[in-house]
Amino acid sequence: MKKNDVMGYIVYAIMLGAAVGVGFGVIRPLLSDANIRNSLPMDGILLVLLSVFVGLVLSALVLELGHLLGAKMGGYKISSWTVLFLSFKKNSEGKMKFGFSGFDGLTGETKVVPKDVEKSNPRPMIFMPLVLFLLEVVLCVVIMVFGKNSTAHGAMTLYIVGVIILTVGGMIFAYDIFPAALDSKNDGAYLMIFNTKTNVIAYNQILMAEDKMAHGEEVGETQIYESVTDFTVKLNDVALYKALNEKNYEEALRINEFTINSKNSVSSKTYLNAVAQKMALHLYLNPLEEAKEEYISLKLEEKKFIASLSTGPAVRAYILISGLVEESEGETKLAMDKAEIAIKNSGEDKRSAEEYLMREALKTVIAKHKDWDFSEYGDLDLGEKK
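Note that this is a predicted model, so its numbers are computed, not measured.

Thresholds, definitions, all that
- Residues numbered from 1 in each chain as written.
- Predicted model: local features only at pLDDT ≥ 70, side-chain atom pairs only at ≥ 80, totals over all residues.
- Heavy atoms only, no water.
- Helix = DSSP H or I, 4+ residues; strand = E, 2+ residues; numbered from the N terminus.
- Contact = heavy atoms within 4.5 Å.
- Lys, Arg positive; Asp, Glu negative; His and termini not counted.
- Charge placed at Lys NZ, Arg CZ, Asp CG, Glu CD.
- Phe/Tyr/Trp six-rings, centres within 6.5 Å; stacked < 30°, edge-to-face > 60°.
- Buried < 20%, exposed > 50% of the residue type's maximum accessible area, 1.4 Å probe, protein only.
- Lys NZ or Arg CZ within 6 Å of the ring centre and 35° of its normal.
- Axes fitted to C-alpha atoms, helices over the stretch in contact; angles between N-to-C directions.
- Parallel < 35°, antiparallel > 145°, perpendicular 65-115°, else oblique.
- Left-handed = near helix turned anticlockwise from the far one by under 90°.
- Nonpolar A, V, L, I, M, F, W, Y, C, P; charged D, E, K, R; others polar.
- Salt bridge = Lys/Arg side-chain N within 4 Å of Asp/Glu carboxyl O.
- Patch = residues over 30% accessible without salt bridge, like charges linked within 9 Å, V, L, I, M, F, W, Y side chains within 5 Å.
- Areas by Shrake-Rupley, 256 points an atom, 1.4 Å probe, with all protein chains shown as cover.
- Pairing = 2+ DSSP bridges.

Asks: I keep staring at the overall build of the chain and nothing clicks. Help me out?
Replies: For the chain, the helix and strand inventory stands at 15 helices and four strands. The C-alpha extent of the chain, read off along each of the three principal axes, is 80 × 50 × 45 Å. Long-range contacts, defined as pairs at least 24 residues apart, comprise 65% of the intrachain contacts of the chain with a sequence gap of at least 6. Taking the average place of the 41 positive charges on the side chains of the chain and the average place of its 48 negative ones, the gap between the two points comes to 5 Å.

Dropping the structure here:
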């Protein structure tokens, strides 16, 4: 088991422990008191669920508002701001448009672009959310104290609501500030990284390159790391997807191999996605029998990740595996049903390459199985089949 996986289990155990401790140690005894239960404005369970929802929304807003303010303080432009799938994204005209979007984070994501690669400072984006969370804590404490000490009928409702909101907020911020890379992006993973000027500049270069790729602009040369971490893989991905856009698949595979060779220093998700990327490209480029043997030799966890259809490379690999190796029309269509969301979640900087390669994967399957009906995917550029 890798260090990042262990850290993930630790932080989830902390969050679960907090929830169970507060639920059974504080909330349950209160709701068991007939006098308190009868003074509540609604059913106790409903009040708890509603309070959890309010706590989730409030803490998500506080976290991303902190990122927004910190970005402004640090010298960054905001390209998108997402909270619980509700998103404001800057369009080609530079105006913010409302929509729905996925995100890489526990409750949201704030994407930024440095105004100056060398001068923009990302540290305020870590500390401003904590400042705002402190204000949330103060507000909850005031509500709790008032609710517990007031003699007004139903005042304990405020105490219960305050405890639950504070607990939910504490769980979210514990995850966000945990000093290790987790399965969703968290600020704590950057605490040590931002201690050096070199890493800050590299981080800003990543942001700048990703933004240019998202707008179809020339990225230029970026540094490629042979020893990969969950941080440096982002810079490698810029070069990798630039190569994919240019159809320089040999270069893309070379860069991808650095991540595979760094298995012990990256998270499971990063490593497995690199394996899926390699498998998808080999199935598309190499002789079928050779690629088939490679797929058969994959480990069970690698096959499971591809079958999860959770990333663009995984979906592409599964389309080709189902269509060329296993020759299953149903499984190929199952993967195609996940293609659109996988492309969307890949990020704007990777979208054009994923769209093209997804179409090419399906074209490759259609070329082998001309009797299979993929007309329902006619929005993809499938030539005669369309």
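Still more to cover.
Asks: What am I meant to see in the packing of aromatic side chains here?
Replies: To describe a pair of aromatic rings, you give the distance between the ring centres and the angle between the ring planes. Following the criterion strictly, the structure yields ten aromatic pairs and no others. Judged by centre distance (5.9 Å) and plane angle (50 degrees), the rings of Y12 and Y175 are tilted. You can see Y12 sitting in helix α1 (residues 3–32) and its partner Y175 sitting in helix α5 (residues 156–177), a full 163 residues away along the chain. For Y12, a relative accessible area of 36% translates into the label partly exposed. On the basis of an interplanar angle of 90 degrees and a centroid distance of 6.0 Å, the ring pair of Y249 and Y284 is categorised as edge-to-face. Here Y249, found in helix α8 (residues 249–261), pairs with Y284, found in helix α9 (residues 268–285); they are 35 residues apart in sequence, far enough to count as distant. Through a chain of ring-to-ring contacts, the aromatic side chains of F88, F98 and F100 assemble into a single cluster. The ring of Y356 carries K247 above its face, with NZ or CZ at 4.3 Å from the centroid.

Asks: Help me understand the packing of helix α3 (residues 44–74) against α5, please; the structure alone is not making it clear to me.
Replies: How two helices pack is summed up by the angle between their axes together with the distance between the axes. Put simply, α3 and α5 touch, their axes get as near as 8 Å, and they point 45 degrees apart. It follows from the interaxial angle that α3 and α5 lie oblique. For the pair α3 and α5, the crossing hand works out as right-handed. Here L47, V48, S51, V52, V54, G55, L56, L58, S59, V62, L63 and H67 of α3 come into contact with α5, specifically with T157, I160, V161, I164, I165, V168, G169, I172, F173 and D176. Among the residues forming the contact of α3 with α5, the class breakdown is 15 nonpolar, six polar and one charged.

Asks: How do you make sense of the pattern of salt bridges when you look at a structure like this?
Replies: A side chain with one charge may pair with a side chain of the opposite charge, provided their charged atoms come close. Across all of its chains, the model carries nine salt bridges by this definition. Note that R254 and E251 form a salt bridge whose closest N and O atoms lie 2.9 Å from each other. Remark: E251 and R254 occur in helix α8; sequence separation between them is three residues, near one turn of the helix. Of the residues examined, E251 reaches a relative accessible area of 23% and is grouped as partly exposed. Here K368 makes a salt bridge to E327, at a shortest N to O gap of 3.8 Å.

Asks: So what exactly am I meant to see when it comes to a nonpolar patch on the surface here?
Replies: Residues L86, F88, M96, F98 and F100 make up a contiguous nonpolar surface patch of about 510 Å² in total accessible area. Going through the elements one at a time, β2 (86–90) and β3 (96–100) are the ones with two or more residues in the nonpolar patch. Considering every element that reaches the nonpolar patch, the biggest residue donor is β3, with three residues. With respect to the element layout, F98 can be found in strand β3.

Asks: Any chance you could explain the packing of helix α6 (residues 197–214) against helix α7 (residues 232–245) here in plain terms?
Replies: At a closest axis distance of 9 Å, the pairing of α6 and α7 adopts a crossing angle of 25 degrees. Relative to α7, the element α6 is oriented roughly parallel. In this structure, the crossing between α6 and α7 has a hand that is left-handed. On α7, the residues that touch Q205, I206, A209, E210 and M213 of α6 are K234, L235, V238, Y241, K242 and N245.

Asks: So what exactly am I meant to see when it comes to the pairing of strand β1 (residues 76–83) here?
Replies: If a strand is regular, its side chains alternate between the two faces of the sheet. Taking burial as the measure, the eight residues of β1 include seven buried ones, the bulk of the element. The sheet contact formed by β1 and strand β4 (residues 108–114) spans seven bridges and is antiparallel. In the strand pairing of β4, T82 is matched with E109. Across four bridges, the pairing between β1 and β2 is antiparallel. Note on β2: the bridge partner recorded for W81 is F88.

Asks: Teacher, can you tell me more about unusual backbone geometry here?
Replies: The phi angle of most residues is negative, glycine excepted, and most peptide bonds adopt the trans form. Positive phi is not limited to glycine here, since K247 has a value of about 60 degrees. Following the sequence through the fold, K247 ends up in the loop between α7 and α8. Its identity is not glycine, yet L309 carries a phi of approximately 55 degrees, on the positive side. Tracing the chain through its elements places L309 in the loop between α11 (300–308) and α12 (312–325). Overall, the relative accessible area of 10% leaves L309 in the buried class.

Asks: Would you take a moment to explain the side chain of H369 for this structure?
Replies: If you trace the backbone, H369 turns up in the segment after α15 (348–368). With sequence-adjacent residues up to four places away left out, H369 is seen in contact with G323 and E327.

Asks: Looking at this model, I keep getting lost on a positive patch on the surface. Mind explaining?
Replies: A cluster of basic residues, K72, K77, K90 and K115, forms a positive patch at the surface. Residue position: K72 is located in helix α3.

Asks: What exactly am I supposed to notice about the sheet that holds β1 here?
Replies: To summarise the sheet geometry, strands pair through backbone hydrogen bonds and adopt either a parallel or an antiparallel arrangement. The antiparallel open sheet is built from four strands, whose spatial order is β3-β2-β1-β4. Looking at which strands have only one partner, the edges of the open sheet turn out to be β3 and β4. Ignoring which end each strand starts from, the neighbouring axes of this sheet average 25 degrees apart. In this fold α3 packs onto β1 and β4, with an angle of close to 175 degrees to the strand it touches most, β1.

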